[in-house]
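Inside the fold
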Amino acid sequence: MKEITYAQAICEALDEEMERDENIVLLGEDISFIGGNFKTSVGLLEKYGDMRVKDTPISEAGFVGMGVGMALTGLRPVIELMFSDFLLVAADQVINQAAKIRYMSGGQVNVPMVIRAPIGAGRSSAAQHSQSMQAMVSQFPGLIVVVPSTAQEAKGLLKTAIRDNNPVLFFEHKMEYNKKFLVDDVVEPIPFGKANVVREGKDITIVATSSLVMKSQEAAEKLEKEGISVEVIDLRTIVPLDIDTVVESVKKTGKLIVADEAHERCGVGAEIGFQIMEKAFYYLDAPVGRVNTPNVPLPFSPALEFPIIPSVDRIYKKVVEMVK
Amino acid sequence: MNVKTYSKDQLLAWYETMYKMRRFEEEVFEFYKQGLMPGLAHLYMGEEAVATGVCAALNDSDFIGSTHRGHGHLIARGADIKRMMAEILGKVDGYCRGKGGSMHIMAMDKGILGANGIVGGGIPIATGAAYMAKYKKTGQVAVSFFGDGASNEGTFHESINMAAAWDLPVIYVLENNLYGISVDIRDVTNTPNLADRAIGYGIPGVIVDGMDVTEVYEAAKAAIERARSGAGPTLIECKTYRWQGHHVGDPATYRKRKSETEKEDWMAKCPIDCLKAEMLSTKKAKASDFEAIETAVNKEIEESVNFAKESPYPDVSEVFHDIYV
């Protein structure tokens, strides 16, 4: 065990994978000389050189599209978008190209590429640098969508993403980058589509993504002291979705909250809530609850921003509302 | 047209490729008219010299990125016309097992990174293949075909800028056929020669007569040599014209705004007929040489049509194949 930041864990995953496979090439804005806007590729330029750790111009559609061409011809590009909001600038290459080429070609090719992109609010970055795009992209067949929680999880899941033969959208939470976590000395790849029960409980289930896994655990500890037993599931991947683990938990607790930082409308909660209605309707003792960002753009002022970010307190209150 | 420099065999091979493209698409058009083809197809008729001249200068291991108007590029790379025809009809023996259609044919065994339904969508993809070739020092080059319309997309400018900055082995072949569906490029772009855009990126921009296969070949050969030597990309603008509408269902009523005889003037420059006439007048070949080629190609086309018609549709269970999530 060692204590490292989430950003260091990402950097270690990149480093260990690049060491193992010379076909892995990093592309992105400011990733090379300064080691990334969030310091997730520090030292990699010196170790692997300019062709494998490439600073790009501010041309998101261009360099994501280049990644598609690299993936089709034998490389395994790992592309950093400085903010997940910039996915929209590159949307054609992600959604119309990367996601669809394997299918449209009748299975002739794979597109093994990873797009890393920070999500989340909390830095007064306003509406164009604070979004959580994981729900939107989950609409499109062909894209794997990963939402890691801790540094350990991020490291293991990023290794899996890099080794996968499909395009993977890997969403890192920007508020976690500088936090320290305990991480195993050796982290093995974590399989996709296997949710992780991080806390067992009997009164209610919270299935959460990304930072909200930690916030849910914090809320659960507080609730435990008040006699409410909360089960917390780290979803790990939205696509593929491990609904079975959620169903099993709901069968035990009878109540479910879905916590995801993307906007509420047509979100992860809408999908999981609906599937639980289909698969575990008669086990539910209450309507499924959601904790999300409400349906407004993220505002700049902390006075406006913090009240709408899904927080420990909002999760706590939602549990109390549903259990009592 | 400079036929003197080239051997009879070389010139006849180009004639055969162009004739095959033309005949292939005449049959595709027939399929549409007879209601046999699902959807639409975008015909390359009139532009055959471009793909033929460029691909003749490539090695088998090189890459090309194609467009929605891609039949010619694929045939020039030696794609199997039976499997192309079957794909166009949505049959299981098609290159993509019926999942792509005319606009998305991919043939990785021929280095064809795919036709592409998004204008400009294939330009960064071909550029990425060139990045791979440079990083892995494979000696391969990539050609990106696209039209005048795509040269107004951001991906064109972004890709060409990166390729120029990093000396990537890629050749940008701009097929200026004057129209983006109905919109005349001259009405929406203040750059009479689109090759001039190369100046802004610090790379060579070459203008060629896209109706002359020998001129296209010469420009492509020089650009490919430059790319392979590590000197970076070239933009080649081929001045050409599409004879049919944007797609098989487009009557193209918009062509006479600049000149009543625009289409006829371009058709008089038919790349296939002009090559044949030039070879005959310079005695490079005899009429019987062309007849032999035409007979053989017609037979091959007929076989591809029959193959496509007889190929079954994919089983509905295949709709969920070739996708993981």
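For the structure, check the block above.
Notes on the structure follow. Keep in mind it's a predicted model, so treat the numbers as computed, not measured. (Residues numbered from 1 in each chain as written. Chains lettered and ligands numbered in written order. Predicted model: local features only at pLDDT ≥ 70, side-chain atom pairs only at ≥ 80, totals over all residues. Heavy atoms only, no water.)

1. Observations regarding the packing of helix H8 (residues 211–225) of chain A against helix H12 (residues 312–323) of chain A
Residues and elements named next belong to chain A. Between H8 and H12, whose axes approach to 8 Å, the crossing angle comes to 55 degrees. Relative to H12, the element H8 lies oblique. Helix-helix and strand crossings are classified by hand; for H8 and H12 the assignment is right-handed. Listed contacts from H12 to Leu212, Lys215, Ser216, Glu218, Ala219, Lys222 and Leu223 of H8 are Val312, Ile315, Tyr316, Val319 and Val320. (Axes fitted to C-alpha atoms, helices over the stretch in contact; angles between N-to-C directions. Helix = DSSP H or I, 4+ residues; strand = E, 2+ residues; numbered from the N terminus. Parallel < 35°, antiparallel > 145°, perpendicular 65-115°, else oblique. Left-handed = near helix turned anticlockwise from the far one by under 90°. Contact = heavy atoms within 4.5 Å.)

2. A few points about helix H9 (residues 243–253) of chain A
Residues and elements named next belong to chain A. For H9, the set of buried residues is Ile243, Val246, Val247, Ser249, Val250 and Thr253. Within H9, the buried residues cover an arc of 165 degrees as seen down the axis, which keeps them to one side. Where H9 is buried, its residues contact strand E10 (204–208), strand E11 (230–234), strand E13 (256–263) and helix H10 (268–280). Just downstream of H9 lies glycine 254, where phi reads positive at about 80 degrees. (Buried < 20%, exposed > 50% of the residue type's maximum accessible area, 1.4 Å probe, protein only. Arc of directions from axis to C-beta.)

3. Some points on the sheet that holds strand E5 (residues 114–119) of chain A
Strand-to-strand pairing in sheets goes through backbone hydrogen bonds, with the strands running parallel or antiparallel. Residues and elements named next belong to chain A. Spatial ordering of the open sheet is given by E3-E2-E4-E5-E7-E6-E12, a layout of 7 strands whose pairing is mixed. Two strands in the sheet have a free side with no partner beyond their single neighbour: strand E3 (53–55) and strand E12 (237–239). Between one strand and the next, the sheet's axes are offset by a mean angle of 20 degrees, whatever the strand orientation. Taken together, the 3 bridges between strand E6 (residues 144–146) and strand E7 (residues 168–173) define a ladder with parallel strand orientation. Bridge pairing links isoleucine 144 to valine 168 in E7. Of the strands in this sheet, strand E2 (24–28), strand E4 (76–80), E5, E6 and E7 are in contact with helix H7 (residues 151–163), which crosses E7 at around 160 degrees. (Pairing = 2+ DSSP bridges.)

4. Description of the pattern of salt bridges
In total, this model carries 36 salt bridges over all chains according to the counting rule given. Two residues, Glu48(B) and Arg22(B), come together in a salt bridge whose shortest N-O distance is 2.6 Å. Of this pair, Glu48(B) sits in helix H2 (residues 48–56) while Arg22(B) sits in helix H1 (residues 8–33), placing them 26 residues apart in sequence. Of the two residues examined, Glu48(B) and Arg22(B), each falls in the buried class. The structure contains a network of salt bridges with shared partners spanning Lys2(A), Glu12(A), Glu16(A), Lys155(A) and Lys159(A). (Salt bridge = Lys/Arg side-chain N within 4 Å of Asp/Glu carboxyl O.)

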